[in-house]
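# Observations on the model geometry
This is what each chain is made of:
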Amino acid sequence: MKFAAIEDARQFLEQNPDIDMIELFILDANGVPRGKLLHREELLAVYESGRPLPSTILGLTVQGEDVENSGLVWDVGDIDCRAYPLEGSLVRLPWRRIPTAAVQVSMHPTEGLPASIADPRHLLIKVIDALRAEGYHPVMACELEFYLLDAKRDHNGRPQPALDADGGRPRHTQVYGLRELEQIEPFLADLYSACKLHGIPARTAISEYAPGQVEITLEHGEALAAMDQAVRYKRLVKAVAHKHGMQATFMAKPFDDLAGTGMHMHVSLADGEGRNLFASEDPAGTPLLRTAIGGMLASLLDSLLLFCPNANSYRRFQANSYAPLAPTWGVDNRTVSLRVPGGPAPTRHIEHRICGADANPYLAAAAILAGIHRGIREELDPGAPVEGNGYAQAKELLPTDWLTSLQALENSAWAREALGQEFLGVYLAVKRAEYRQFMAEVGEQDWRWYLTEA
């Protein structure tokens, strides 16, 4: 585990003499950033000797409540666990009224015990290291969809798309509409500016398949760095939207009658020299690509809770909605779960289309890469690719309820080996607690249930 050097902090403070406050955050299993607001003079100590955070911070429900059987509460006395800053994460937050910077931390592998076993970033590092030990270097990128909503609800108390710059409210889908992007230009300008400042490679923006829905792609790179960028990007989107009087939501299905919101994960494997091991003139890729797909399909059900972590996540699975319904794959086909996009041979990769935008990028990436590793080791054959309408040809459907995927992960011997029993013990305790609360408070028929934003 490599943390940032104290010289990075000294240089930042010298270059930013006006900064008064430091927002220190760590990402929990639900993808919720949690932490503290520090004063400027406290920053160097964080880099020198870490910052103590309570063990419970990585064992909370999405609503921020302790999970007593997580092993991180009373059993260990809510002990302090030391977290250290990550390289390149100390940046200004230009929209804040008080001059403020943010720094992302992660638990130290030993000084951070016992909380470090539940750190999602640690899990991803573990899976990446296992692949690298066999000569495979994962390359990934995120495509994150989100809705821009009005800060005020409609007359029925439901969320509604934010007003356009001209004062009108989006009412129609207008997928790929250019006018729709022009109407949110002030928001996009500030978001791209913030991404540049934070070193986040935000690229193409499109108007998505619902009024007020937007997607911006992030450029591919080394898997851990790409997921760090995705985590920080989600925070930027929310913050910049708030600055413009809007609310950005990554909820998987905020509207029952409109498109769900996904996080498409693009993945390939490179050799030690950076050459794409999936590259082939064959549109279906190399044999290695196909075994990777075989492993992802074989572990899909066991991983589904990491891709779709909340009750609302399963509302997204509907036929003819561009959300997947079955463990299928295809070449340049958006009706399947695992798509091999077209393009030149050197760009050959897999697009994983299952995750909701509410998924934790670290955990989703860890499950995807662990599935790929399984496919390579076991030389799994994914079968023939689906051609044409994958919805119409689906024979085995993915579960559409939270409990089934929770039980699948609980009962998975593969997940215990690939992801680790200690991590799963904490994670499943958290999700079980959320499920019990969900059933007690609203029941499975209420599509609106979603406790907080991740």
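For the chain, the name recorded in an unreviewed UniProt entry is Glutamine synthetase family protein, with Pseudomonas hamedanensis as its organism. Per its UniProt entry, the chain bears the Sequence similarities (unreviewed entry) comment "Belongs to the glutamine synthetase family." Per UniProt, the comment on the chain under Cofactor (unreviewed entry) is "Mg(2+)".

### A short note on the overall build of the chain
A tally of regular secondary structure across the chain gives 13 helices and 15 strands. The globule rule puts the C-alpha radius of gyration for 454 residues at 22 Å, and the 21 Å found for the chain is close to it. Viewed in the frame of its principal axes, the chain has a C-alpha envelope of about 60 × 55 × 50 Å. Taken across its 454 residues, the chain has 59% of its residues classed as buried. Partitioning the intrachain contacts of the chain with sequence separation of at least 6 by distance along the chain shows that 73% fall at a separation of at least 24. Within the chain, the 60 negative side-chain charges are centred at a point lying 3 Å from the centre of the 43 positive side-chain charges.

### Let's talk about the packing of helix H8 (residues 300-307) against helix H11 (residues 402-410)
Running from N to C, H8 and H11 point in directions that differ by 120°, and their axes come no closer than 7 Å. The handedness of the crossing between H8 and H11 is left-handed. Of the residues in H11, those in contact with Leu 301, Asp 302, Leu 304, Leu 305 and Leu 306 of H8 are Trp 402, Ser 405, Leu 406, Ala 408 and Leu 409.

### Notes on the environment of Asp 401
Mapped onto the elements, Asp 401 comes out in the loop between helix H10 (390-393) and H11. Along the chain, Asp 401 and Ala 311 lie 90 residues apart, while their C-alpha atoms are 7.3 Å from each other. A distance of 3.4 Å separates a polar atom in the side chain of Asp 401 from the backbone nitrogen of Leu 403. In terms of polar contacts, Asp 401 uses its side chain to reach the side chain of Thr 404, at 2.8 Å.

### With respect to the state of the cysteines
For the structure shown, the criterion picks out 0 disulfides. Lacking any disulfide linkage, Cys 355 is separated from the closest cysteine sulfur, that of Cys 308, by 6.7 Å.

### Observations concerning the nonpolar core
Formed by 101 residues in total, the largest nonpolar core has its most connected members in Met 140, Phe 187, Tyr 233, Met 265, Phe 307 and Leu 369. Among all residues touching Tyr 233, those that are not within four sequence positions of it are Leu 144, Phe 146, Leu 191, Cys 195, Ile 200, Ile 216 and Leu 218. Counting residues in each nonpolar core, the second largest holds 27 residues, with Ala 9, Tyr 47, Met 107 and Val 426 among its members.

### Observations concerning a negative patch on the surface
There is a patch of like negative charges on the surface, built from Glu 65, Asp 66, Glu 68 and Glu 441. Inspection of the secondary structure assignment puts Glu 441 in helix H13 (residues 421-441).

### Description of the environment of Glu 351
As for its position among the elements, Glu 351 is in strand S15 (residues 350-352). The class of Glu 351 is buried, set by a relative accessible area of 2%. Spatially, the C-alpha atom of Glu 351 lies 32 Å from that of Ala 433, the residues being 82 residues apart in sequence. Setting aside residues no more than four positions away along its own chain, Glu 351 makes contact with Glu 143, His 264, Met 265, His 266, Ser 337, Leu 338, Arg 339 and Pro 341. At 3.2 Å, the side chain of Glu 351 forms a polar contact with the side chain of His 264.

### Some points on a nonpolar patch on the surface
A surface patch of nonpolar side chains, amounting to about 310 Å² of accessible area, comprises Val 175, Tyr 176 and Tyr 209. Position of Val 175 among the secondary structure elements: in the loop between strand S7 (137-150) and helix H4 (178-183). Exposure remark for Val 175: the relative accessible area of 32% places this residue in the partly exposed category.

Calculation notes
- Throughout this document, residue positions are counted from 1 along each chain, in the order its sequence is written.
- Given that the model is predicted, a residue must reach a pLDDT of at least 70 before its local features are reported, and side-chain atom pairs must reach 80 or more before they are shown or counted; all residues, however, enter totals for whole chains, interfaces and linings.
- For the side-chain quantities, the full set of heavy atoms in the structure was used; hydrogens and water were omitted.
- UniProt positions are given in the numbering used here, feature names are shortened, and annotations may be inferred rather than shown by experiment.
- To qualify as a helix, a DSSP run of H or I must reach at least 4 residues; to qualify as a strand, a run of E must reach at least 2; elements of each kind are numbered from the N terminus.
- In this description the radius of gyration comes from C-alpha coordinates, and the expected globular size is given by 2.2 Å times residues to the power 0.38.
- Each residue's exposure class comes from its accessible area (1.4 Å probe, protein chains only) as a fraction of the maximum for that residue type: buried when under 20%, exposed when over 50%, partly exposed otherwise.
- Two residues qualify as a contact provided that any one of their heavy atoms is within 4.5 Å of a heavy atom in the partner residue.
- By the counting rule applied here, Lys and Arg register as positive and Asp and Glu as negative, while His and the ends of each chain are not counted.
- For this purpose, a charge sits on NZ of Lys, CZ of Arg, CG of Asp or CD of Glu.
- Fitting a line to C-alpha atoms yields each axis, with helices limited to the stretch in contact; the angle taken between N-to-C directions then spans 0 to 180 degrees.
- Definitions for this section: a left-handed crossing has its near helix turned counterclockwise from the far helix by less than a right angle. A right-handed crossing has that turn clockwise.
- Polar contacts, as used here, are pairs of N or O atoms within 3.5 Å; protein pairs need one atom able to donate a hydrogen and one able to accept it. Residues neighboring in sequence count only if both atoms are side-chain atoms.
- Any two cysteine sulfur atoms lying within 2.5 Å of each other are counted as a disulfide.
- What we call a nonpolar core is a set of buried Ala, Val, Leu, Ile, Met, Phe, Trp, Tyr and Cys residues that are connected through their side-chain atoms within 4.5 Å.
- Each patch is assembled from residues with relative accessible area greater than 30% and no salt bridge, linking like charges that lie within 9 Å and nonpolar side chains (Val, Leu, Ile, Met, Phe, Trp, Tyr) that lie within 5 Å.
- Here, Shrake-Rupley sampling with a 1.4 Å probe gives the accessible areas, and only protein chains in the shown set may cover a residue.
- The salt bridge definition used is simple: a Lys or Arg side-chain nitrogen within 4 Å of an Asp or Glu carboxyl oxygen.

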